[in-house]
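Each chain, written out:
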Amino acid sequence: MSRIGVMFDRDLSPEDLPAFAAAVEEAGADDLWVVEDLGWAGSISSVALALAATSRIRIGIGITPAPLRSPALLAMELAVLARVHPGRVVAGLGHGVAEWMRQVGVEPKSKLAMLEETLLAVRGLLQGEMVTLDGREVRIDGVRLVHPPAVVPPIVTGVVRPRSLELSGRVADGTIIAEGNGPEQLGDALTHIRRGGATDAHELIVFTFLHVNDDPKDAAEVTGTTVAGQADWLGVPPEEVFSLIGPVAEVPGKVAALTAAGARTIVLRPLGPDPVPQVKAALSALGR
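Note that the structure is predicted; figures quoted are calculated from it, not measured.

Cut-offs applied
- Residues numbered from 1 in each chain as written.
- Predicted model: local features only at pLDDT ≥ 70, side-chain atom pairs only at ≥ 80, totals over all residues.
- Heavy atoms only, no water.
- Helix = DSSP H or I, 4+ residues; strand = E, 2+ residues; numbered from the N terminus.
- Buried < 20%, exposed > 50% of the residue type's maximum accessible area, 1.4 Å probe, protein only.
- Areas by Shrake-Rupley, 256 points an atom, 1.4 Å probe, with all protein chains shown as cover.
- Lys, Arg positive; Asp, Glu negative; His and termini not counted.
- Charge placed at Lys NZ, Arg CZ, Asp CG, Glu CD.
- Salt bridge = Lys/Arg side-chain N within 4 Å of Asp/Glu carboxyl O.
- Polar contact = N/O pair within 3.5 Å; in protein donor to acceptor, adjacent residues only side chain to side chain.
- Contact = heavy atoms within 4.5 Å.
- Patch = residues over 30% accessible without salt bridge, like charges linked within 9 Å, V, L, I, M, F, W, Y side chains within 5 Å.
- Axes fitted to C-alpha atoms, helices over the stretch in contact; angles between N-to-C directions.
- Parallel < 35°, antiparallel > 145°, perpendicular 65-115°, else oblique.
- Nonpolar A, V, L, I, M, F, W, Y, C, P; charged D, E, K, R; others polar.
- Phe/Tyr/Trp six-rings, centres within 6.5 Å; stacked < 30°, edge-to-face > 60°.
- Lys NZ or Arg CZ within 6 Å of the ring centre and 35° of its normal.

Caption draft 1: Here's a closer look at the overall build of the protein chain. Along its length, the protein chain carries 10 helices and 12 strands. A burial count over the protein chain gives 52% of its 288 residues as buried. Of the roughly 12900 Å² of accessible surface on the protein chain, 52% is carried by carbon and sulfur atoms. Side-chain charges in the protein chain split into 25 positive and 35 negative, and the spacing between the mean points of these groups amounts to 7 Å.

Have a look at this one:
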């Protein structure tokens, strides 16, 4: 069985995060994932809040934009979290939305170089190495962390296109696949990831919409706008967006299909009001 995580949606109030994290842990989830989108909430502070409110579950960043973060500062922040909570942090990195990166003046000339160089620099620093890197986008001259963590957190990427997926397979510990992608799309993504050199240790993490509802019309009213927006982003009709929207009895079969396609971690993104009961219903159906 795959790990089962839950997303704390970016539109939820930050002050609700500690209670949400505690409820998710009590309900039997393996992970809680937070989001860092421009203008919403910062990932490091969110992870710190969630770790402090829980004792067991893993807390993942899904994702922080590489251009927005100094690799040295990001490594320093992650090191503190990983030292205090060993084995409970997953660092997710991505290219960042180009429009948002332009808004704050950090859009790189090469998105691929920025992501790869950031990842390599952060990992080296977390491993306690003296890092010097004169890259296309990242430059670090002889920096070493004074307090590197004993347990280096995995660094995963949230990427979409073939070249980025290959990059992830080459240098990352795992890859996050966005909401709406089903078993067929996971197979295609894995082809590119493995072409980059990924081994079986590479963790495929899949985000998926969740809304437990026996009434198709009501479910469509609650989730339709979000699903339509994701369909537009994916370039597919809304009916082709893979999700866990519908009767709770369908949840185990769909999760099993994602697992069979290679997903090692499945992160539920509850839609609509009262996300905690949605999560509890899904986790109960999965035997948690």
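Having put the structure on the table, let's press on.
Caption draft 2: Geometry of the pattern of salt bridges. Evaluation of the coordinates by the stated rule reveals 14 salt bridges. Residue Arg-139 pairs with Asp-134 through a salt bridge whose shortest N-O separation is 3.4 Å. Asp-134 carries the same exposure label as Arg-139, and that label is exposed. A salt bridge links Arg-269 to Glu-179, with the nearest nitrogen and oxygen atoms 3.2 Å apart. One end of the pair, Arg-269, is in strand β12 (residues 265–270); the other, Glu-179, is in the loop between β9 (174–177) and α7 (183–195), with 90 residues separating them in the sequence.

Caption draft 3: Focus on the side chain of Thr-54. With respect to the secondary-structure elements, Thr-54 resides in the loop between α2 (43–53) and β3 (58–61). A polar atom in the side chain of Thr-54 sits 2.5 Å from the side chain of Arg-88. When neighbours within four sequence positions are excluded, Thr-54 is seen to be in contact with Ala-21, Ala-22, Glu-25, Ile-59 and Arg-88.

Caption draft 4: Summary view of a negative patch on the surface. Negative charge collects at one region of the surface, where Glu-184, Asp-188, Glu-239 and Glu-240 lie side by side. Note that Glu-239 resides in the loop between α8 (216–234) and β11 (244–246). For Glu-239, a relative accessible area of 66% corresponds to the exposed category.

Caption draft 5: Molecular detail of the environment of Gly-128. Relative to the helices and strands, Gly-128 resides in the loop between α5 (111–126) and β6 (131–134). In this structure the C-alpha to C-alpha distance between Gly-128 and Pro-149, which are 21 residues apart in sequence, comes to 8.0 Å. Aside from chain neighbours lying at most four places away, what touches Gly-128 is Arg-144 and Pro-148.

Caption draft 6: Representation of the packing of α2 against helix α3 (residues 71–84) in the model. One can describe the packing of α2 onto α3 by two numbers: an axis separation of 11 Å at closest approach and a directional angle of 0°. With respect to α3, the element α2 is oriented roughly parallel. Each of Ile-44, Val-47, Ala-48 and Leu-51 in α2 lies in contact with α3, whose residues at this interface are Leu-74, Glu-77, Leu-78 and Leu-81. Considering only residue class, the contact of α2 with α3 consists of seven nonpolar, no polar and one charged.

Caption draft 7: Main features of unusual backbone geometry. Cis geometry marks the peptide bond from Gly-62 to Ile-63; its omega dihedral reads 10°. Checked against the element boundaries, Ile-63 lands in the loop between β3 and β4 (64–65). Look at Asp-274: it is not a glycine, yet its phi comes out positive at around 55°. With respect to the helices, strands and loops of the structure, Asp-274 is situated in the loop between β12 and α10 (275–285).

Caption draft 8: Quick look at the packing of aromatic side chains. The full count for this structure, using the stated rule, is three aromatic pairs. For the ring pair Phe-8 and Phe-20, a centre distance of 5.2 Å and an interplane angle of 70° mean the geometry is edge-to-face. Residue Phe-8 is found in the loop between β1 (3–7) and α1 (17–27), and its partner Phe-20 is found in helix α1; the two are separated by 12 residues along the sequence. Across the pair, exposure class does not vary: Phe-8 and Phe-20 are buried alike. Between Trp-33 and Phe-207, the ring centres sit 5.9 Å apart and the planes meet at 65°, which makes this aromatic pair edge-to-face. Here Phe-207 lies in strand β10 (residues 203–212) and Trp-33 lies in strand β2 (residues 31–34), a separation of 174 residues in the sequence. Of the residues examined, Trp-33 reaches a relative accessible area of 0% and is grouped as buried. Judged by relative accessible area, Phe-207 falls into the buried class, the value being 5%. Geometry around Trp-40 places Arg-10 over its ring, the cationic atom sitting 3.8 Å from the centre.

All quantities given are derived from atomic positions and should not be read as evidence of function.
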